[in-house]
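Residues per chain, in single letters:
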Amino acid sequence: MTTSSVQRVGERLGLAPRDVLEALLSSVPDAVYVVDPDGRVEFANPAALELLGYEEEELLGRISHPTIHHHRWDGTPFPQEECPMLRPRQTGETVRVDGDCFWRKDGTPFRVAYSSAPLPMSTGRGAVVVFRDVTARIEAEEAARREAVERARAQEIHDSRARILAAADTERRRLGRDLHDGAQQRLVRVLLALKQAEGSCGDPVAGGHLREAIREAEEAIAELRDLVTGVHPAILTTRGLAAAIDSLAARLPLITTVSVTDRRFAPSLEAAAYFVVAEALTNVVKHAGAEEVHVRIDERGDGLCIEVKDDGRGGARAEGGSGLRGLADRAAAFDGTLEIVSEPGQGTRLRVAIPVP
Ligand SMILES: Nc1ncnc2c1ncn2[C@@H]1O[C@H](COP(=O)(O)OP(=O)(O)OP(=O)(O)O)[C@@H](O)[C@H]1O
Ligand SMILES: [Mg+2]
C-alpha cells in the first residue's frame, strides 16, 4: 500500500494516515520494525515486540544488530559488517534471508525468515525489516532430513547384513560340495577297496586288521556326512528343502513329523529355512528333553512360514546363546520375523516367517 493509498483510505474513513498505518501494522501477523540510518530501532509493531520479548520502550532507540542479531544459529558471533541486513541502508537493495536467527531479550534464539528493504528518511537511508518465526518449519525439515538419513543408514545395515549372510552361505555351499564330491567320495572308494581286500584275504590276522580299518572308514564317512550336513548338505541343492529336512529328521532320536512344501525357492532362501530347522532341531535334542517334535514349512500369504514345535521343557530364550540370536539375524536379513513361544513346562514353538519376493 503506497503513502497515497494510505492517505485515500484515511480520507474515506476520516482517519489520519498515521492512524491507518498504525492500525495496519498492529494487526498484521508478520513482525515489522524500522531502523534509522544508524541502525537504531525507530519502530516495532506488536508482533515484533512479542516475538522478541521486549516492551516497546525497551527496544526503541537500541541498535538492532547487537540487540537481536549478535550471534549466528551455531552460536558463533555475527560481526555487524558481515550482516546482510546492513546492505539495504548501504546500497539501497532489498535483502531476503530464510533460516537465519534472531535473539530474544531472554537470550534464547529462534529461526527467522526476513526481508529488509531500504527506507528513505530525512536523515538518510534507514530500513524496514519484516520477519517471521520459522522455527517450527525448520525443525520439521531437519527432523525429516534426520529421519531420511536414519532410514538410509538402517537400510544399509540391513543390506550389508544380508550380503554378509549371502556370502557366508555361498561359501558354505562351496565347502559342502567340495567335501561331498571330494573327501567323502574318496573315503567311500577306500571303504570298497578295503571290503574287497577283506573278502579275498586268507590271513586271519590281516583280515582282523582289515575289518578294523573298514569300521574306522565307515565311521569316518558317517562323521563326514554329518559335517557336510552341518555345513551345507548337497541334497538341499539337488533335491530341495523337503528332501533335505526329511534326511535331517531321519537321524533324530525322537518321534518326528515333517510336513514341508515341495516347491523350490532361491538357494539363499532354502539355505535360510534349512538352517532355521537345523538349529531348532539341534536345540530340541540338546535342551528340550522332548518326546516329539513337529516340523512344518509352508507358504502362507506371500511368505514362507517355518515352524518347529516340541513337547519338551520349554524356557527357550533368544538371549541364551548364539544359536537363536543367529536365527533372528537370518530372519531379519530376509525382512522376516522370529517368534519363540516357550513357557516353562509347555514345550517350545519356534516360528520364522520370511516374505517371498
Ligand atoms: N527347544 C528348546 N527347549 C528348551 N530350551 C531351549 C530350547 N531351545 C533353546 N533353549 C534354551 O534357550 C537357550 C538359547 O538357545 P540357543 O540356541 O541360542 O543357544 P545354545 O543352543 O545354548 O547354544 P548355541 O546354539 O550357540 O550352540 C539354550 O541355552 C536353552 O537353554
Ligand atoms: Mg542352539
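Preceding this section is the structure that the text describes.
Residues numbered from 1 in each chain as written. Chains lettered and ligands numbered in written order. Predicted model: local features only at pLDDT ≥ 70, side-chain atom pairs only at ≥ 80, totals over all residues. Heavy atoms only, no water.

(A) Inspection of the overall build of the protein chain at higher detail. Tallying secondary structure elements over the protein chain gives 12 helices and 10 strands in all. The C-alpha radius of gyration computed for the protein chain amounts to 40 Å, which surpasses the reference 21 Å derived for 357 residues by more than 25%, pointing to a less compact arrangement than a globule. If you line up the protein chain on its principal axes, its C-alpha atoms span 135 × 40 × 35 Å. When contacts within the protein chain are restricted to residue pairs at least 6 apart in sequence, those whose partners lie at least 24 apart make up 53%. Accessible area of the protein chain: about 20200 Å², with a carbon and sulfur share of 54%. Each charge sign in the protein chain was given a centre, from 45 positive and 56 negative side chains, and these centres are 4 Å apart. (Helix = DSSP H or I, 4+ residues; strand = E, 2+ residues; numbered from the N terminus. Rg over C-alpha atoms; globule rule 2.2 N^0.38 Å. Contact = heavy atoms within 4.5 Å. Areas by Shrake-Rupley, 256 points an atom, 1.4 Å probe, with all protein chains shown as cover. Lys, Arg positive; Asp, Glu negative; His and termini not counted. Charge placed at Lys NZ, Arg CZ, Asp CG, Glu CD.)

(B) Just the packing of aromatic side chains, in detail. With the rule as written, the count across this model stands at five aromatic pairs. Arranged with centres 6.0 Å apart and planes meeting at 70°, the rings of tyrosine 33 and phenylalanine 131 form a pair that is edge-to-face. Taken together, the residues tyrosine 33 in strand β1 (residues 31-35) and phenylalanine 131 in strand β5 (residues 124-133) connect sequence positions 98 residues apart. Of the two residues, tyrosine 33 and phenylalanine 131, both sit in the buried class. (Phe/Tyr/Trp six-rings, centres within 6.5 Å; stacked < 30°, edge-to-face > 60°. Buried < 20%, exposed > 50% of the residue type's maximum accessible area, 1.4 Å probe, protein only.)

(C) View of a negative patch on the surface. Side chains of Asp19, Glu22, Glu55, Glu56 and Glu57 sit close together on the surface and give a patch of like negative charge. Inspection of the secondary structure assignment puts glutamate 57 in helix α4 (residues 56-59). Accessibility expressed as a relative area gives 63% for glutamate 57, which makes it exposed. (Patch = residues over 30% accessible without salt bridge, like charges linked within 9 Å, V, L, I, M, F, W, Y side chains within 5 Å. Salt bridge = Lys/Arg side-chain N within 4 Å of Asp/Glu carboxyl O.)

(D) Structural view of the coordination of the magnesium ion (ligand 2). The protein atoms donating to the magnesium ion (ligand 2) are Glu279 (OE) and Asn283 (OD1), with metal-donor distances spanning 2.0 to 2.1 Å. Taken together, the residues glutamate 279 and asparagine 283, both in helix α11 (residues 267-288) and four residues apart, mark about one turn of the helix. Taking the relative accessible area as the measure of exposure, asparagine 283 reaches 15% and is therefore buried. (Donors = N, O, S within 2.8 Å, 3.2 Å for Na, K, Ca; no water.)

(E) The arrangement of the site of ligand 1 in detail. Close contacts around ligand 1 come from 15 residues, with Glu279, Asn283, His287, Ser322 and Leu324 the closest. Between an oxygen atom of ligand 1 and a side-chain N or O atom of lysine 286, the distance comes to 3.2 Å. Interatomic distance of 3.0 Å between a side-chain N/O atom of aspartate 310 and a nitrogen atom of ligand 1. Sorting the residues of the shell around ligand 1 by element identifies α11 and α12 (322-333) as the ones contributing at least two each. Among the residues making up the shell around ligand 1, the classes are represented as three nonpolar, eight polar and four charged. (Near = heavy atom within 4 Å. Polar contact = N/O pair within 3.5 Å; in protein donor to acceptor, adjacent residues only side chain to side chain. Nonpolar A, V, L, I, M, F, W, Y, C, P; charged D, E, K, R; others polar.)

(F) Layout of the pattern of salt bridges. The final tally for this structure, using the stated rule, is 26 salt bridges. We note a salt bridge from glutamate 58 to lysine 105, for which the minimum N-O separation is 2.8 Å. Taken as a pair, glutamate 58 in helix α4 and lysine 105 in the loop between β3 (95-103) and β4 (109-121) lie far apart in primary sequence, 47 residues in all. Classification of glutamate 58 by relative accessible area gives partly exposed; the value is 28%. Lysine 105 gets classed as partly exposed once you look at its relative accessible area, which sits at 45%. Linking arginine 87 and glutamate 93 is a salt bridge whose minimum nitrogen-to-oxygen distance equals 3.2 Å. We classify arginine 87 as partly exposed; its relative accessible area is 35%. Looking at glutamate 93, the relative accessible area reads 33%, which means it is partly exposed. One network of salt bridges, with partners in common, ties together Arg296, Asp298, Arg300, Glu307 and Arg351.

(G) How the structure looks around the packing of helix α7 (residues 135-199) against α12. Running from N to C, α7 and α12 point in directions that differ by 110°, and their axes come no closer than 9 Å. Looking at the two axes, α7 sits roughly perpendicular to α12. As for how α7 packs across α12, the hand of that crossing is left-handed. Note on element contacts: α12 touches α7 through Asp329, Arg330, Ala332 and Ala333, opposite His158, Arg161, Ala162, Leu165, Asp169 and Arg172. Here the residues of the contact of α7 with α12 sort into four nonpolar, one polar and five charged. (Axes fitted to C-alpha atoms, helices over the stretch in contact; angles between N-to-C directions. Parallel < 35°, antiparallel > 145°, perpendicular 65-115°, else oblique. Left-handed = near helix turned anticlockwise from the far one by under 90°.)

(H) Expanded view of the side chain of arginine 111. Structurally, arginine 111 is set in strand β4. Accessibility expressed as a relative area gives 10% for arginine 111, which makes it buried. When residues no more than four places from it in sequence are discounted, the contact partners of arginine 111 are Trp73, Gly99, Asp100, Cys101, Arg132, Asp133, Val134, Thr135, Ile138 and Glu142.

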